[in-house]
Amino acid sequence: MHTNSIIELSQTAYQQNIDFLKKTFGKKVLISSVVKGNAYGHGIPEFVKIAFESGIRHFSVFDVQEAKEVKLVLADTVSILIMGLVQEEDLEWIISNQVEFFVFDKNRLQKAAKMAQKLKSRAIIHIEVETGMNRTGFEKKELLSVVHFLNKEKEYLRFKGLCTHYAGAESITNYYRVESQIKKFKEIDTFFCSHNQKPEIRHSACSAASIMFPETRMDMVRIGIMQYGLWPSPEVLVTYLNRKKAKLDPLKRVITWKSSVMSLKKVNLGEFIGYGTSFMAKRKMKIAVIPIGYSHGYSRSLSNQGRVLIQGQRCIVVGSVNMNMMIVDVTDIEAVKKEEEVVLIGSQENLDVSVASFSDYSNQLNYELLTRISKTIPRKIIE
Ligand SMILES: *Cc1c(COP(=O)(O)O)cnc(C)c1O
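All of the points below concern the structure found in this document. The structure presented is a predicted model; accordingly, all values stated were derived computationally and were not measured. (Residues numbered from 1 in each chain as written. Predicted model: local features only at pLDDT ≥ 70, side-chain atom pairs only at ≥ 80, totals over all residues. Heavy atoms only, no water.)

1. Observations regarding the sheet that holds strand β3 (residues 58–61)
Here's step 1: Spatially, eight strands are ordered β2-β3-β4-β5-β6-β7-β8-β9 in a closed barrel, and the strand pairing comes out parallel. This sheet shows a mean twist of 30° between the axes of neighbouring strands, independent of strand direction.
Here's step 2: With two bridges joining them, strand β8 (residues 201–205) and strand β9 (residues 220–223) adopt parallel strand pairing. Bridged to His-203 within β9 is Met-220.
Here's step 3: Where helix α6 (residues 106–118) meets the sheet, its contacts fall on β5 (100–103), β6 (123–128) and β7 (157–163), and the angle it forms with β5 comes to roughly 145°. (Pairing = 2+ DSSP bridges. Helix = DSSP H or I, 4+ residues; strand = E, 2+ residues; numbered from the N terminus. Axes fitted to C-alpha atoms, helices over the stretch in contact; angles between N-to-C directions. Contact = heavy atoms within 4.5 Å.)

2. Remarks on the packing of helix α7 (residues 143–152) against helix α8 (residues 175–194)
Any two packed helices are characterised by how steeply their axes cross, that is the angle between the axes, and by the distance between the axes.
Here's step 1: Two elements in contact, α7 and α8, have axes whose closest approach is 10 Å; the angle formed by their N-to-C orientations is 40°. Taken together, the axis directions place α7 and α8 in an arrangement best described as oblique. Between α7 and α8 lies a crossing of right-handed hand. On the side of α7, the interface is formed by Leu-143, Leu-144, Val-146, Val-147 and Leu-150, while α8 contributes Ile-188, Phe-191 and Phe-192. (Parallel < 35°, antiparallel > 145°, perpendicular 65-115°, else oblique. Left-handed = near helix turned anticlockwise from the far one by under 90°.)

3. Observations concerning the packing of aromatic side chains
Here's step 1: Scanning the model with the defined rule gives twelve aromatic pairs in all.
Here's step 2: For the pair Tyr-40 and Tyr-367, a centre-to-centre distance of 5.9 Å together with 45° between the ring planes defines the contact as tilted. Of the two residues, Tyr-40 sits in helix α2 (residues 36–40) while Tyr-367 sits in helix α11 (residues 365–371), which places them 327 residues apart along the sequence.
Here's step 3: Aromatic ring contacts, followed pair by pair, group Tyr-14, Tyr-40, Phe-47, Tyr-228 and Tyr-367 into a single cluster.
Here's step 4: The positively charged end of Arg-57 is found above the aromatic ring belonging to Phe-52, 3.6 Å away from the centroid.
Here's step 5: The ring of Trp-93 is capped by Lys-68, whose NZ or CZ atom sits 5.1 Å from the centre of that ring. (Phe/Tyr/Trp six-rings, centres within 6.5 Å; stacked < 30°, edge-to-face > 60°. Lys NZ or Arg CZ within 6 Å of the ring centre and 35° of its normal.)

4. Quick look at the pairing of β9
Here's step 1: Of the two faces of β9, the one carrying Met-220 and Arg-222 and the one carrying Val-221 and Ile-223 are both buried.
Here's step 2: As paired strands, strand β2 (residues 30–34) and β9 are joined by four bridges and run parallel to one another. Its bridge partner lying in β9, Leu-30 is registered against Met-220.
Here's step 3: Note that the unit made of β8, helix α9 (residues 207–212) and β9 has a crossover that is right-handed. (Buried < 20%, exposed > 50% of the residue type's maximum accessible area, 1.4 Å probe, protein only. Right-handed = clockwise from strand over helix to strand, strands pointing away.)

5. A few points about the pattern of salt bridges
Here's step 1: Applying the stated criterion across every chain, the model contains 16 salt bridges.
Here's step 2: Where Arg-158 meets Glu-200, a salt bridge forms, and the shortest distance between an N and an O atom there is 2.9 Å. You can see Arg-158 sitting in strand β7 and its partner Glu-200 sitting in the loop between α8 and β8, a full 42 residues away along the chain.
Here's step 3: Classification of Glu-200 by relative accessible area gives partly exposed; the value is 42%.
Here's step 4: Across the salt bridge formed by Lys-186 and Glu-215, the nearest N and O atoms sit 2.7 Å from each other. One end of the pair, Lys-186, is in helix α8; the other, Glu-215, is in the loop between α9 and β9, with 29 residues separating them in the sequence.
Here's step 5: Using a relative accessible area of 39% as the deciding quantity, one classes Lys-186 as partly exposed.
Here's step 6: What makes Glu-215 partly exposed here is its relative accessible area of 40%.
Here's step 7: Taken together, the salt bridges that share partners define one network made up of Glu-8, Lys-258 and Glu-341. (Salt bridge = Lys/Arg side-chain N within 4 Å of Asp/Glu carboxyl O.)

6. Let's talk about the layout of surface pockets
Here's step 1: Estimated volume of the largest pocket: approximately 690 Å³.
Here's step 2: What lines the largest pocket is a set of 30 residues, among which Lys-36, Tyr-40, Met-83, Arg-135 and His-165 lie closest to the centre.
Here's step 3: Of all elements in the fold, only α2, α9, β9 and α11 reach the threshold of two or more residues within the lining of the largest pocket.
Here's step 4: Among the elements that make up the lining of the largest pocket, the one with the highest residue count is α2 (three residues).
Here's step 5: Grouping the constituent residues of the lining of the largest pocket by class yields 16 nonpolar, nine polar and five charged. (1 Å grid on protein atoms, 1.4 Å probe; cavity = no way out; pocket = protein on both sides within 12 Å on 5 of 7 lines; lining within 4 Å. Points joined across faces, edges and corners; volume = space filled by probe spheres on them. Nonpolar A, V, L, I, M, F, W, Y, C, P; charged D, E, K, R; others polar.)

7. Some words on unusual backbone geometry
Here's step 1: Even without being glycine, Asn-38 reaches a positive phi, approximately 50°.
Here's step 2: For Asn-38, the location among the structural elements is in helix α2.
Here's step 3: Located in the positive-phi region is Asn-304, a residue other than glycine, with phi close to 55°.
Here's step 4: Inspection of the secondary structure assignment puts Asn-304 in the loop between β12 (285–290) and β13 (307–310).
Here's step 5: For Asn-304, a relative accessible area of 26% corresponds to the partly exposed category.

This is the structure we're talking about:
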C-alpha cells in the first residue's frame, strides 16, 4: 500500500500499562477499556486485538457504531458497554446482542423494557445517576420511580450497574466538587439497595479519579487515556509519583506515528516560509517538507509549535500546518535526505516526542490531539 504515514501500536507497551493498572487497583477491580473516539485515535480494530491479547474482556464505547466495530473483531468473547448515544432504532440490535448500555432517562428505560419484552430477552442496563457533573444521569427526584420501574420490569431489565461520572477529577481545583459527587453517589447506592434494587456492580472512576480518589474504583474502573500510556494531566502523574515516592513514569506510550521527508529546500535569511508571514527565517535555513497536515489529524494549533524527530534530533514545525503538508526546520541536521524517517509521535534513538510535548501540556490536550488522527492511516501492531 502506498501511504504517507503509518501508525504502530506496541503490544509490549500496552501490556506494561495493564500490568501497572492491575497492580494499582488489585484483583477485585474489573478494568473496562474505554475505546470511544476510535480508541483515542489508535484505531478500534487493531487496538481491541491488543487489549484482548492482554486479557481485557470489557470495553466501553460511546455509541452503537463503535460497539459494532468492537464486535466485528472480538465477536461474543467480550462485554461491551455503550456509555453515550443509543437511538431507538438501535435498541433491537443492542438487546439481541446482549450489549450493555447506560440509561439516564425514563424514556430510554421504558423503551428498553418494551424492546426486551418483544425480543423475549433481557436488556442489560447501567443506571447512570446525576451527582454533580450536570451532563447525563437521572436526577434525585426521579429515582423513586426508577426503582419502581426496575421492580416491575425485572423480567426484562437486568440491573447490571449503577454508575456516575466525575466533573474533572484530573485537577485539584475540582477537589470539593468531586468529593461531593462521591458522597452523593454513595447515598444513591444506599437508596437503591434499601429499595430492593441492589446493582450487580458499581462504577464511577475514569483514569484520573482512579488515581486521585482511590475509593472511586469500586467494582469496575473505566480506563481510557492511561491504558494508552498517557496521563490525564500532569497533576495526576505528580500525585502518583509523590504518593509512591517514585521517580519513573510507569506508563508507556502505545502509539507511534511515523512519516518521511518528501522534499528539501534551502531558504535565505529574511524570507517567509509557508503561507503568510507567521515565520521568517532569521538565518540561512534548510527545511524539509513532510506530507502530513491537518487533514491527517496533525492539528493546526501545532503551527510554529510542533516537534518531530529526524535522525534522532528534534525539529520544529515552521509556519502553519497546511491541509496535507507541513514544513520543519532541519538546518542543524547535516546529511538529511529525502524519504528519511520522520517521527511525529514516538521515539527515535534516545529522544521522544510525546503527544503533549508540543504545547503547554494543558489539560485535555492529549485527548484532543490523539482523537484527531485520521482513521484512514494504516495501523500496524508491533511487538
Ligand atoms: C471517556 C470516559 C471515560 C474514560 O476517561 P479517561 O479519562 O480517558 O480515563 C470514563 N467514563 C466515561 C463516562 C467517559 O466518557
